[in-house]
Amino acid sequence: MPARSTKSSTRRISDVTERRDLDVSRSTAYRTIQSLLETGAARPRVEIEPAVLGFPITALFTLDVRPQHVPAVLTALGEHPHGRFTAMTAGPASVLHHGVFTDEDHLSRFVTEDLGALPGINGLNMSTTLSVLRRQWIDRDEDHLLAQGPRNILSPSGVLAGP
């Protein structure tokens with residue numbers, strides 16, 4: 001399948017577009033798309049900026065968890081209402097978690113109460129997100145956040161600003 005530009009976060013790929021790109025009949029393109037949807041191989045989703053929903057703080061956590069406790073930690077974080085992504089990883093950290101929070105107090109309570117209550121955590125690293133350039137394969141460099149206008153953390157030359 002040909003590569004597509006992801007500059008437009010509102011783009012929609014129709015069966016007509018696929019039919020033309022793949023050189024197949026309209027009914028074949030339609031049946032293929034329907035099959036992908038029905039089998040769960042493709043799942044349409046809406047991506048909403050978390051701040052619009054009242055979660056302006058995004059944090060990424062890497063957790064060093066003792067091996068026997070990894071399943072319990074994954075289950076707890078996977079069920080957490082403010083978690084957007086939770087995964088078991090290989091490397092210095094065994095669990096990666098991405099969460100959204102209403103404010104600094106909410107983030108602090110998550111660390112001290114929610115993470116603090118989980119078994120087997122030896123340590124963690126946390127990073128907060130300053131700006132998102134790409135999420136869900138969609139470029140975010142021209143997004144508007146609560147009518148504040150476009151956010152741009154790139155230098156005018158298009159290269160990430162350095163020291």
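Our structure is the block above this text.
The next subject is the overall build of the chain. Looking only at helices and strands, the chain features four helices and six strands. Counting from the amino terminus, the chain carries its helices and strands in the arrangement α-α-β-α-β-β-α-β-β-β. Expressed as a percentage of its 163 residues, the buried residues of the chain come to 28%. Taking the intrachain contacts of the chain between residues at least 6 apart in sequence as the baseline, contacts between residues at least 24 apart amount to 58%. For the chain, the computed accessible surface area is about 11000 Å², with 56% contributed by carbon and sulfur atoms.

Attention now goes to helix H3 (residues 70-78). Three- or four-residue spacings in an α-helix give side chains the same orientation, since the helix completes a turn every 3.6 residues. Looking only at H3, the buried set comprises Val 70, Val 73 and Leu 77. Along the axis of H3, the buried positions cluster into a sector of 65 degrees, meaning they face one direction only. Among the exposed residues of H3, those pointing more than 90 degrees away from its buried face are Pro 71 and Gly 78. As for H3, its buried residues are in contact with strand S1 (57-65), strand S2 (83-88), strand S3 (95-101), helix H4 (104-115) and strand S4 (121-128).

Once that is clear, we can look at the nonpolar core. Ranked by internal contacts, the top residues of the largest apolar core, which has 14 residues, are Phe 61, Leu 63, Val 73, Leu 77, Val 95, Phe 101 and Leu 115. If you list the elements that add at least two residues to this core, you get S1, H3, S3 and H4. Ranked by the residues each element gives to this core, the list is headed by S1, at five residues.

Let's shift gears to the side chain of Thr 58. With respect to the element layout, Thr 58 can be found in strand S1. We classify Thr 58 as buried; its relative accessible area is 10%. When sequence neighbours within four positions are dropped, the list of residues in contact with Thr 58 reads His 98, Gly 99, Val 100, Ser 127, Thr 128 and Thr 129.

Right, let's get into a nonpolar patch on the surface. Judged by side-chain polarity, Val 46, Ile 48, Val 52 and Leu 53 come together as a nonpolar surface patch covering roughly 390 Å² of accessible area. The residue Leu 53 is located in the loop between helix H2 (26-39) and S1 in this model.

Bringing the environment of Glu 49 into the picture now. Here Glu 49 shows up in the loop between H2 and S1. For the pair Glu 49 and Val 132, spaced 83 residues apart in sequence, the C-alpha to C-alpha distance is 9.8 Å.

Attention shifts here to the environment of Val 73. The residue Val 73 is located in helix H3 in this model. Assessed through its relative accessible area of 0%, Val 73 is described here as buried. With 48 residues separating them in the primary sequence, Val 73 and Ile 121 have C-alpha atoms 8.4 Å apart. In this structure, Val 73 is in contact with Leu 63, Val 65, Val 95, Leu 118, Pro 119 and Ile 121, ignoring residues within four places of it in sequence.

Cut-offs applied
Residues numbered from 1 in each chain as written. Predicted model: local features only at pLDDT ≥ 70, side-chain atom pairs only at ≥ 80, totals over all residues. Heavy atoms only, no water. Helix = DSSP H or I, 4+ residues; strand = E, 2+ residues; numbered from the N terminus. Buried < 20%, exposed > 50% of the residue type's maximum accessible area, 1.4 Å probe, protein only. Contact = heavy atoms within 4.5 Å. Areas by Shrake-Rupley, 256 points an atom, 1.4 Å probe, with all protein chains shown as cover. Arc of directions from axis to C-beta. Core = buried A, V, L, I, M, F, W, Y, C linked by side-chain atoms within 4.5 Å. Patch = residues over 30% accessible without salt bridge, like charges linked within 9 Å, V, L, I, M, F, W, Y side chains within 5 Å. Salt bridge = Lys/Arg side-chain N within 4 Å of Asp/Glu carboxyl O.

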